[in-house]
Amino acid sequence: MTFDFFLLHTQIMIIAHFLAVCVGVSLGLIGGGGSILAVPILVYVLGVPIKSAIAMSLVTIGAVSLVGIIPHWQQHHVNFKTALLFSPGAMVGAYMGARLGTLPIVTPALQQILFVIVMFIAAYFILRNSQHQSSANLELEVNQPSVEVNSSVSIDQHIPWWLAIPTEGFGVGIMTGLVGIGGGFMIIPTLVILGNTPIKEAIGTSLVIMAFKSVTGFAGYWGHVPIDINLMLTFTLAASLGMLVGAYLTQFIEAKKLETGFAYFVIAIAIFMLFKTVF
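Side note on the overall build of the protein
When helices and strands are tallied, the protein shows 11 helices and zero strands. Mapped in sequence order, the helices and strands of the protein form the string α-α-α-α-α-α-α-α-α-α-α. When the 279 residues of the protein are sorted by exposure, 53% land in the buried category. Here the protein displays about 12,900 Å² of accessible surface, and carbon together with sulfur accounts for 73% of that area.

Thoughts on a nonpolar patch on the surface
On the surface, a cluster of nonpolar side chains totalling about 640 Å² of accessible area is made up of Phe120, Ile271, Leu274, Phe275, Val278 and Phe279. Counting residues per element, the nonpolar patch draws most heavily on helix 11 (residues 256-278), at four residues.

As for the packing of aromatic side chains
Throughout the structure, instances matching the rule amount to four aromatic pairs. Taken together, a centroid distance of 5.2 Å and an interplanar angle of 70° make the contact between Tyr44 and Phe272 edge-to-face. Of this pair, Tyr44 sits in helix 2 (residues 34-45) while Phe272 is found in helix 11, placing the two residues 228 residues apart along the sequence. The class of Phe272 is partly exposed, set by a relative accessible area of 42%. Pairing Tyr124 with Phe125 gives two aromatic rings, centres 5.9 Å apart and planes at 80°, and the pair type is edge-to-face. When its relative accessible area of 49% is taken as the criterion, Tyr124 is described as partly exposed. Assessed through its relative accessible area of 18%, Phe125 is described here as buried.

Regarding the environment of Leu207
For Leu207, the location among the structural elements is in helix 9 (residues 199-221). Put simply, Leu207 and Ile188 are 19 residues apart on the chain and 9.7 Å apart in space, counted from C-alpha to C-alpha. Those residues within four positions of Leu207 in sequence are excluded, and the remaining contacts are Leu27, Ser65, Gly68, Ile69, His72 and Met243.

What about the confidence of the model for the protein?
Regions with low pLDDT should not have their predicted coordinates read in detail. With 87% of its residues at a pLDDT of 70 or more, the protein has an overall mean of 83. Helix 4 (residues 80-101) holds the highest mean pLDDT among the elements of the protein, 93, whereas helix 6 (residues 134-143) holds the lowest, 42. Across residues 135-157, confidence stays below pLDDT 50; counting only partners more than four residues off in sequence or on other chains, it has 41 contacts.

Looking at the packing of helix 1 (residues 2-30) against helix 3 (residues 50-74)
Where helix 1 contacts helix 3, the axes come no closer than 10 Å and their chain directions differ by 50°. Relative to helix 3, the element helix 1 is oriented oblique. Classified by chirality, the crossing of helix 3 by helix 1 is right-handed. Residues Val23, Gly24, Leu27 and Gly28 of helix 1 lie in contact with helix 3, whose contacting residues are Ile61, Val64, Ser65 and His72. For the contact of helix 1 with helix 3, a count of residues per class yields four nonpolar, four polar and no charged.

Describing the environment of Phe18
Among the secondary structure elements, Phe18 is positioned in helix 1. Residues Phe18 and Ala239, spaced 221 residues apart in sequence, show a C-alpha to C-alpha distance of 8.5 Å.

Here's the deal with helix 10 (residues 229-249)
Relative to the 30 Å expected for 21 residues at 1.5 Å per residue, helix 10 spans 30 Å between its end C-alpha atoms, a close match to the ideal helical length. Among the residues of helix 10, those classed as buried are Leu231, Met232, Phe235, Thr236, Ala238, Ala239, Ser240, Gly242, Met243, Gly246 and Ala247. Taken together, the buried residues of helix 10 touch helix 1, helix 2, helix 3 and helix 9. Between the side-chain oxygen at the start of helix 10 and the backbone nitrogen of Asn230 there is a gap of 3.4 Å, and the oxygen is on Asp228.

Structural notes on the packing of helix 3 against helix 9
Orientation of helix 3 relative to helix 9, taken along the N-to-C sense of each, is 150°, at an axis distance of 8 Å. The angle between helix 3 and helix 9 places the two elements in the roughly antiparallel class. Relative to helix 9, helix 3 is oriented so that their crossing is left-handed. Here helix 3 contributes Lys51, Ile54, Ala55, Leu58, Val59, Ile61, Gly62, Ser65, Leu66, Gly68, Ile69 and His72 to the contact with helix 9, which in turn contributes Ile203, Gly204, Leu207, Val208, Met210, Ala211, Ser214, Gly217, Phe218 and Tyr221. Considering only residue class, the contact of helix 3 with helix 9 consists of 14 nonpolar, seven polar and one charged.

Re the nonpolar core
By size, the foremost hydrophobic cluster in this structure holds 77 residues, and its most contacted members are Met119, Met175, Ile181 and Phe185. If we skip the residues at most four places from it in the chain, Ile181 touches Ser35, Ile36, Phe115, Val118, Met119, Met175, Thr176 and Lys213.

Considerations on the environment of Phe212
With respect to the secondary-structure elements, Phe212 resides in helix 9. The exposure class assigned to Phe212 is partly exposed, which follows from its relative accessible area of 34%. With residues up to four places along the chain from it excluded, the contact list for Phe212 reads Leu84, Ser87 and Met91.

Conventions and cut-offs
- Residues numbered from 1 in each chain as written.
- Predicted model: local features only at pLDDT ≥ 70, side-chain atom pairs only at ≥ 80, totals over all residues.
- Heavy atoms only, no water.
- Helix = DSSP H or I, 4+ residues; strand = E, 2+ residues; numbered from the N terminus.
- Buried < 20%, exposed > 50% of the residue type's maximum accessible area, 1.4 Å probe, protein only.
- Areas by Shrake-Rupley, 256 points an atom, 1.4 Å probe, with all protein chains shown as cover.
- Patch = residues over 30% accessible without salt bridge, like charges linked within 9 Å, V, L, I, M, F, W, Y side chains within 5 Å.
- Salt bridge = Lys/Arg side-chain N within 4 Å of Asp/Glu carboxyl O.
- Phe/Tyr/Trp six-rings, centres within 6.5 Å; stacked < 30°, edge-to-face > 60°.
- Contact = heavy atoms within 4.5 Å.
- pLDDT = per-residue confidence, 0-100.
- Axes fitted to C-alpha atoms, helices over the stretch in contact; angles between N-to-C directions.
- Parallel < 35°, antiparallel > 145°, perpendicular 65-115°, else oblique.
- Left-handed = near helix turned anticlockwise from the far one by under 90°.
- Nonpolar A, V, L, I, M, F, W, Y, C, P; charged D, E, K, R; others polar.
- Expected span 1.5 Å × (residues − 1).
- Polar contact = N/O pair within 3.5 Å; in protein donor to acceptor, adjacent residues only side chain to side chain.
- Core = buried A, V, L, I, M, F, W, Y, C linked by side-chain atoms within 4.5 Å.

Spelled out as structure tokens, the structure:
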């Protein structure tokens, strides 16, 4: 019986860490989806409580993003100026969202339902971006490969880009801290639309932002939820290896071609999580 349990545990750990590699590949290739996949793996494959899974996923996504910055920077796909504009608001928001997530009123069931809702929103954003921005982003990348942030770009006629970007960062940060989703699906289009950033540069820049806000998000959970340090470290290592693979593949694969399929995959996971939560 003991041997059978050990064998089953080993198989589960192998599967979970293989899936962690897939999390890294997703984050490196399309700049998002990492925590959307990481939290369900931790909860449903490894049996980690939802609050602990959210906190652990923040470390994983933060570390993986940090690793992923290197190959993107080598390919000149990181704009640190834009990242520093977006990050402060996102960091504050992530800490506040995490502290909110530790309150007794935010039950595990509520947090899980919020996670599912955000998954549906993420799928919508990914589908919309894939369908409506591909041609525009391609043209921007070909004709303006080193576009700087343009102060004339605004979310509308009344909100300048230098205010809209930090405000968006704060909102994404709240979501990150509360449900553990990194928000690449919102950060990237914001950088493209408001910052006039080419899509590949937006992906690389989003990794810097996610690394920063993951630190403050985890800080908000630290000491308030149980953390399996060993599992978190091995899961993060596996995801980091996947990130290097995903970042390398961006040289050969157009991420937009994968986004539609990924969005429907996210919807499928969200439906599964909703079913498990309700029933």
